[in-house]
There are 2 protein chains.
Amino acid sequence: MTQAVPLVEIWRGDFLESAHRGHAVVCDGSGAIVHAWGDPGAVVLPRSSAKMIQALPLITSGAADAAGLTPEHLALACASHNGAAIHTDRVTDWLRTLELDDDALRCGPQMPDNREAREALIRGHGSPCQMHNNCSGKHTGFLTLTSHLGAGPEYIDPDHPVQEAALEAFERVTDETSPGFGIDGCSAPNFACSLRGMARAMAHFAAAPAGSPEARLHEAMRLHPDLVAGEGRACTELMRAMDGKVAIKTGAEGFFTAILPEQKLGVALKITDGTTRASECVMAAILVKLGVLEPDHPATLKRMNAPILNRRKVQTGWIRPAAGWI
Amino acid sequence: MTQAVPLVEIWRGDFLESAHRGHAVVCDGSGAIVHAWGDPGAVVLPRSSAKMIQALPLITSGAADAAGLTPEHLALACASHNGAAIHTDRVTDWLRTLELDDDALRCGPQMPDNREAREALIRGHGSPCQMHNNCSGKHTGFLTLTSHLGAGPEYIDPDHPVQEAALEAFERVTDETSPGFGIDGCSAPNFACSLRGMARAMAHFAAAPAGSPEARLHEAMRLHPDLVAGEGRACTELMRAMDGKVAIKTGAEGFFTAILPEQKLGVALKITDGTTRASECVMAAILVKLGVLEPDHPATLKRMNAPILNRRKVQTGWIRPAAGWI
């Protein structure tokens, strides 16, 4: 097995203070590997980078169209949002169309990352709800499918029809038999695959014909980058920087994926130590290498060759791709 | 050069999701290596784990005694505190005895980690001050020495007498010539050394005779674990779990040090990727190995073999020392 390779360096003055290793794979529409760093066979949990796959049954079942879902809903179903009003208002409205409310969600409450929403909660001595959970769009998608199927309320159980459909979609697009699952931060099963399988799945999305369920999902993400993450976040800023031509999706523990429809390419990467600063740097570097992201765009520079500032805004160092791999 | 070795594993269900590598060294009072994992010669920036060393000139100069500093002041000088009232009230009083206020600090403002203090600031629509900075005790110590020396106000400049004294102390206790420095998050110079040099420095503290400047500092830390970090934090909880027999100190980017006076041992460790969850796990494991921390104490279990809970408080995995190294 190939070792994880050095991908990111954290410098402080003249000293290499920290470093991050990982694996990354780029596949083409046929599923063949175009680029690989580290071990394409590494077994991974793609975490929230798999949300586009988990949302597939929502469309393939006919539930999305029966419920009249718009691209905004589909973008939210694929989102790890920061709990801003633009997200929670839409999730609340969506739940209402299902004649449901926050109590139907099974993702658990989460303090919003969005500063305004978080500070409003604190000032009102309030507690976060499940709709504030970054996964509440995905879960409302699960509930839409649950309702369409007339299935029971515990839609996060691995043997619930919604999760059985998610597994079927996952194995189909990764072209692998999943070796199992972990329970995600939002309590849904998160299926395992090889990193190559995840890159293949993203390439499958990229190569899918217009109007297909896969294309509708990545089009929705590219159309609504603000709904997929939120202001200041990597997914939102980098998708905007690429003028909506590429869909990208972060995941916990250093995961990141990209769907490049024009090139029919898919990207999947995992930072072995699970660090987001590194997964964002590597994703930016790969998108630059693939010619879809400008190296000098502010959203790029914020993650790649980014200055590290201290509490007096003095630059103390920088984060950059490790030498040699890209 | 020896590679960093696997030290910590993050499991989710049956899957090894992430892993952390690093270096760790235990030295005895003579400076000899007792245990080493990875590369003892790795060049490191010890960050806040060096605060005890940076505080040495405060005592050796006579400034601490001239200013009537108590063990509480000395504990704060070595602290990375969470900005709770117990910290900021004492720093404010200490600054007042110097006829100074928040404006004299050069650490920059930082939103407190302490929840009550942070939420009080948000509810009052206030901004954090420099006294909220986790390093404000160290900086008030620097100001005490500055005042004693009659030196200028820019005490963080590398050629200021306070930093020249800090470098002299650093090279003396590490028994190395520092290859340079980085600028810390609090704007003070942070001197580099080998990891072995840092473990040697901690062992030097551990072996120092009662009443010496080194002993006064680690005694102050052991006497006031709540002032060194804060409620819920690793330094505070683990020092309490060891009944004040051992002083430990975290640092940014995965650093951690320990001073064991009874055993005359010093510990220094660096997680290569800079992750705190891993440095805390490894420090707990080493303290258990050295016989000074109970393996089944709640403060130990919280960092070593700790369950990872999701947003519904369901256990999804655990963090534990990697197999084989300890």
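This structure is a prediction, so every number in the text was calculated from the model and none was measured.

(A) Looking closely at the overall build of chain A. Helix and strand counts for chain A stand at 14 helices and twelve strands. The C-alpha radius of gyration computed for chain A amounts to 19 Å, which stays within 12% of the reference 20 Å derived for 326 residues, consistent with globular compactness. Over its C-alpha atoms, taken along the principal directions, chain A stretches across nearly 60 × 50 × 35 Å. For chain A, buried positions account for 61% of its 326 residues. Considering only intrachain contacts with a sequence separation of at least 6, the fraction spanning at least 24 residues in chain A is 63%. As displayed, chain A offers around 11700 Å² of accessible surface, 52% of which is attributable to carbon and sulfur atoms. If you average the places of the 30 positive and of the 37 negative side-chain charges in chain A, the two averages end up 7 Å apart.

(B) View of the pattern of salt bridges. Residues and elements named next belong to chain A. Tallied over the full model, the rule gives 36 salt bridges over all chains. Arginine 12 serves as the salt-bridge partner of glutamate 17, at 2.9 Å between the closest nitrogen and oxygen. Overall, glutamate 17 belongs to the buried group, its relative accessible area being 6%. We note a salt bridge from glutamate 154 to arginine 106, for which the minimum N-O separation is 2.9 Å. You can see glutamate 154 sitting in the loop between α7 (136-149) and α8 (161-174) and its partner arginine 106 sitting in the loop between α5 (85-97) and α6 (115-123), a full 48 residues away along the chain. Owing to a relative accessible area of 31%, glutamate 154 belongs among the partly exposed residues under this scheme. The exposure class of arginine 106 is buried, given its relative accessible area of 14%.

(C) Here's a closer look at the environment of A:Thr2. All names here are of chain A. Within the fold, threonine 2 resides in the segment before β1 (5-12). The sequence separation of threonine 2 and proline 40 amounts to 38 residues, and the corresponding C-alpha distance is 8.3 Å. Excluding residues within four positions of it along the chain, threonine 2 makes contact with His23, Gly38 and Asp39.

(D) Here's a closer look at helix α7 (residues 136-149) of chain B. All names here are of chain B. For α7, which comprises 14 residues, the first-to-last C-alpha distance of 20 Å matches the rise-based estimate of 20 Å (1.5 Å per residue) to within 8%. The buried count for α7 comes to eleven of 14 residues, which makes it a mostly enclosed element. Within α7, the full set of buried residues consists of Ser136, Gly137, Lys138, His139, Thr140, Gly141, Phe142, Leu143, Thr144, Leu145 and Thr146. Tucked into the core, α7 has its buried residues touching α1 (51-54), α2 (56-60), α3 (63-66), α4 (71-77), α5 (85-97) and α8 (161-174). A positive phi of about 65 degrees marks glycine 150, the residue just after α7.

(E) Highlighting the interface of chain B and chain A. Contacts between chain B and chain A engage 46 residues on the former and 46 residues on the latter. When chain B packs against chain A, close to 3700 Å² is buried across both sides, 50% of that on carbon and sulfur atoms. If you sort the residues of chain B by the area they bury against chain A, B:Phe15, B:Arg311 and B:Arg312 come out on top, with a joint share of 20%. Across the contact surface, chain B and chain A share 27 residue pairs in polar contact (both at pLDDT 80 or more). Those elements giving two or more residues to the side of chain B that touches chain A turn out to be β1 (5-12), β2 (15-28), α6 (115-123) and β5 (181-183) of chain B. Ranked by residue count, the leading element in the side of chain B that touches chain A is β2(B), at six residues. When the residues that make up the side of chain B that touches chain A are grouped by side-chain class, the tally is 15 nonpolar, 17 polar and 14 charged.

(F) Seen up close, the relation of the copies chain B and chain A. When chain B is fitted to chain A, the residual RMSD is 0.0 Å, and the transformation amounts to a turn of 180 degrees plus an axial shift of 0.0 Å. In the structure described here, the two chain copies are related by an operation that fits a two-fold rotation axis. Among all residues of chain B, the minimum C-alpha distance to the rotation axis is found for B:Arg123, at 2.5 Å. Here 100% of the interface residues in chain B have copies in chain A that are interface residues too; the copies meet face to matching face.

(G) Representation of unusual backbone geometry. Not every positive phi belongs to a glycine, and A:Asn305 is a case in point at roughly 60 degrees. Position of A:Asn305 among the secondary structure elements: in the loop between α14 (298-301) and β11 (306-309). Phi at B:Asp243 takes a positive value of approximately 55 degrees, unusual for a residue other than glycine. As for its position among the elements, B:Asp243 is in the loop between α12 (234-241) and β8 (247-251). Classification of B:Asp243 as exposed rests on a relative accessible area of 64%.

(H) Representation of the packing of α7(B) against α8(B). Residue and element names in this part refer to chain B. With their axes 9 Å apart at the nearest point, α7 and α8 run at an angle of 115 degrees to one another. In terms of their interaxial angle, α7 and α8 are classed as roughly perpendicular. The element α7 and its partner α8 pack so that their crossing is right-handed. Contacts between α7 and α8 involve Phe142, Leu145, Thr146 and Leu149 from the former and Pro161, Val162 and Gln163 from the latter. Class assignment for the residues of the contact of α7 with α8 results in five nonpolar, two polar and no charged.

(I) How the structure looks around the packing of α5(A) against α7(A). Residues and elements named next belong to chain A. Packing of α5 against α7 brings their axes to within 10 Å, and their N-to-C directions diverge by 10 degrees. Considering the angle they form, α5 stands roughly parallel to α7. Counted together, Val91, Trp94 and Leu95 of α5 and Ser136, Gly137, Thr140, Gly141, Leu143 and Thr144 of α7 form the full contact between these two elements. Split into classes, the residues belonging to the contact of α5 with α7 amount to four nonpolar, five polar and no charged.

(J) Summary view of the pairing of β1(A). All names here are of chain A. Most of β1 sits out of view: six of its eight residues are buried. In the sheet, β1 pairs with strand β2 (residues 15-28) via seven bridges, with the strands oriented antiparallel. Across the sheet, residue valine 8 finds its bridge partner in β2, namely histidine 20. Taken together, the five bridges between β1 and strand β12 (residues 315-321) define a ladder with antiparallel strand orientation. Each residue of the ladder has a partner; that of isoleucine 10, found in β12, is isoleucine 319.

Analysis parameters
Residues numbered from 1 in each chain as written. Chains lettered and ligands numbered in written order. Predicted model: local features only at pLDDT ≥ 70, side-chain atom pairs only at ≥ 80, totals over all residues. Heavy atoms only, no water. Helix = DSSP H or I, 4+ residues; strand = E, 2+ residues; numbered from the N terminus. Rg over C-alpha atoms; globule rule 2.2 N^0.38 Å. Buried < 20%, exposed > 50% of the residue type's maximum accessible area, 1.4 Å probe, protein only. Contact = heavy atoms within 4.5 Å. Areas by Shrake-Rupley, 256 points an atom, 1.4 Å probe, with all protein chains shown as cover. Lys, Arg positive; Asp, Glu negative; His and termini not counted. Charge placed at Lys NZ, Arg CZ, Asp CG, Glu CD. Salt bridge = Lys/Arg side-chain N within 4 Å of Asp/Glu carboxyl O. Expected span 1.5 Å × (residues − 1). Buried area = accessible area lost by both parts, 1.4 Å probe. Polar contact = N/O pair within 3.5 Å; in protein donor to acceptor, adjacent residues only side chain to side chain. Nonpolar A, V, L, I, M, F, W, Y, C, P; charged D, E, K, R; others polar. Least-squares fit on C-alpha atoms with pLDDT ≥ 70 in both. Axes fitted to C-alpha atoms, helices over the stretch in contact; angles between N-to-C directions. Parallel < 35°, antiparallel > 145°, perpendicular 65-115°, else oblique. Left-handed = near helix turned anticlockwise from the far one by under 90°. Pairing = 2+ DSSP bridges.

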